[in-house]
Amino acid sequence: MLELRPNCQCCDKDLPPEATDARICSFECTFCADCVSSKLENVCPNCGGGFVPRPVRPAVEWREGLSRYKRPPSSKRVHMEYTVAELSSHIARIKGIAPEKR
Ligand SMILES: [Zn+2]
Ligand SMILES: [Zn+2]
């Protein structure tokens, strides 16, 4: 089950489970769409992979036990260990590589 982390690890914007601008990498590193496009160039600062939109977790319990109330999101805010300036060389060496080869 996805952790549904509560914030953008770069700008700290709130990303609740219904957010449509949350983006995740395969390790669940979580960022907002704006940071992914304007600062990260679709390169995860932590693993170097790319991002996909995070699906919303439904508010309505369409199937037993599977709603955002029964399976609540994480409340632990996570922050990036790098500054955006520190990321430039990391991003530069990866961004031209096709996502499936990262
Ligand atoms: Zn952000
Ligand atoms: Zn990552």
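The present account deals with the structure reproduced in this document. Remember, predicted model here, so these are calculated numbers, not experimental data.

Procedures and definitions
Residue indices follow the written sequence of each chain, beginning from 1 at its first position. Chains carry letters from A onward and ligands carry numbers from 1 onward, assigned in written order. This being a predicted model, a pLDDT of at least 70 is required before a residue's local features are given, and a value of 80 or more before pairs of side-chain atoms are given or counted; all residues contribute to the totals for chains, interfaces and linings. Heavy atoms from the whole structure form the basis of all side-chain values; hydrogens and water molecules are not counted. In DSSP terms, a helix is any run of H or I states spanning at least four residues, a strand is any run of E spanning at least two, and both are numbered starting from the N terminus. The classification of residues rests on relative accessible area computed with a 1.4 Å probe and restricted to protein chains. Under 20% of the type maximum is buried, over 50% is exposed, and intermediate values are partly exposed. Every accessible area reported is derived by Shrake-Rupley at a probe size of 1.4 Å, with residue values counting cover from the shown protein chains alone. Charge counting follows a simple rule: Lys and Arg are positive, Asp and Glu are negative, and His as well as the terminal groups are ignored. In this description, the location of a charge corresponds to atom NZ of lysine, CZ of arginine, CG of aspartate or CD of glutamate. Metal-coordinating donors are taken as N, O and S atoms lying within 2.8 Å of the metal, or within 3.2 Å when the metal is Na, K or Ca; because water is left out, some sites can appear incomplete. Working definition: rings of Phe, Tyr and Trp (its six-membered ring) pair if their centres are within 6.5 Å, and the pair is stacked with planes under 30 degrees apart, edge-to-face with planes over 60 apart, and tilted otherwise. We count a salt bridge whenever a side-chain nitrogen from Lys or Arg sits within 4 Å of a carboxyl oxygen from Asp or Glu.

What to know about the overall build of the protein chain
Phase 1 of the analysis: Broken down by element type, the protein chain carries 2 helices and 3 strands.
Phase 2 of the analysis: In sequence order, the secondary structure elements of the protein chain are arranged as β-β-α-β-α.
Phase 3 of the analysis: For the C-alpha atoms alone, the extent of the protein chain along its principal axes is close to 45 × 25 × 20 Å.
Phase 4 of the analysis: The 102 residues of the protein chain split such that 35% are buried.
Phase 5 of the analysis: Approximately 6300 Å² of the protein chain is accessible, and the part contributed by carbon and sulfur atoms is 54%.
Phase 6 of the analysis: The averaged location of the 13 negative side-chain charges in the protein chain is 3 Å from the averaged location of its 16 positive side-chain charges.

Description of the coordination of the zinc ion (ligand 1)
Phase 1 of the analysis: Summarising the metal site, the zinc ion (ligand 1) is bound by the protein donors Cys-8 (SG), Cys-11 (SG), Cys-32 (SG) and Cys-35 (SG), whose distances to it range over 2.3 to 2.4 Å.
Phase 2 of the analysis: The sequence motif formed by the donor residues of the zinc ion (ligand 1) is C-x2-C-x20-C-x2-C. With Cys-8 in the segment before β1 (22-24) and Cys-35 in helix α1 (residues 33-38), this residue pair connects regions lying 27 residues apart in the sequence. A single burial state applies to Cys-8 and to Cys-35, both of which are buried.

Some words on the packing of aromatic side chains
Phase 1 of the analysis: Counting across every chain of the model gives 1 aromatic pair.
Phase 2 of the analysis: Arranged with centres 5.4 Å apart and planes meeting at 75°, the rings of Phe-31 and Phe-51 form a pair that is edge-to-face. Of this pair, Phe-31 sits in strand β2 (residues 30-32) while Phe-51 is found in the loop between α1 and β3 (52-53), placing the two residues 20 residues apart along the sequence.
Phase 3 of the analysis: Relative accessible area serves as the criterion here: at 0%, Phe-31 is assigned to the buried category.

Regarding unusual backbone geometry
Phase 1 of the analysis: The phi angle at Leu-4 is positive, at roughly 50°, despite the residue not being glycine.
Phase 2 of the analysis: Within the element layout of this structure, Leu-4 appears in the segment before β1.
Phase 3 of the analysis: Leu-4 gets classed as buried once you look at its relative accessible area, which sits at 4%.
Phase 4 of the analysis: Positive phi is not limited to glycine here, since Glu-41 has a value of about 50°.

Re the pattern of salt bridges
Phase 1 of the analysis: For the structure shown, the criterion picks out 7 salt bridges.
Phase 2 of the analysis: Note that Glu-18 is salt-bridged to Arg-68, the shortest N-O span being 3.7 Å. Note that Glu-18 is positioned in the segment before β1 and Arg-68 in the loop between β3 and α2 (88-94), a separation of 50 residues in sequence.
Phase 3 of the analysis: Judged by its relative accessible area of 16%, Arg-68 is buried.

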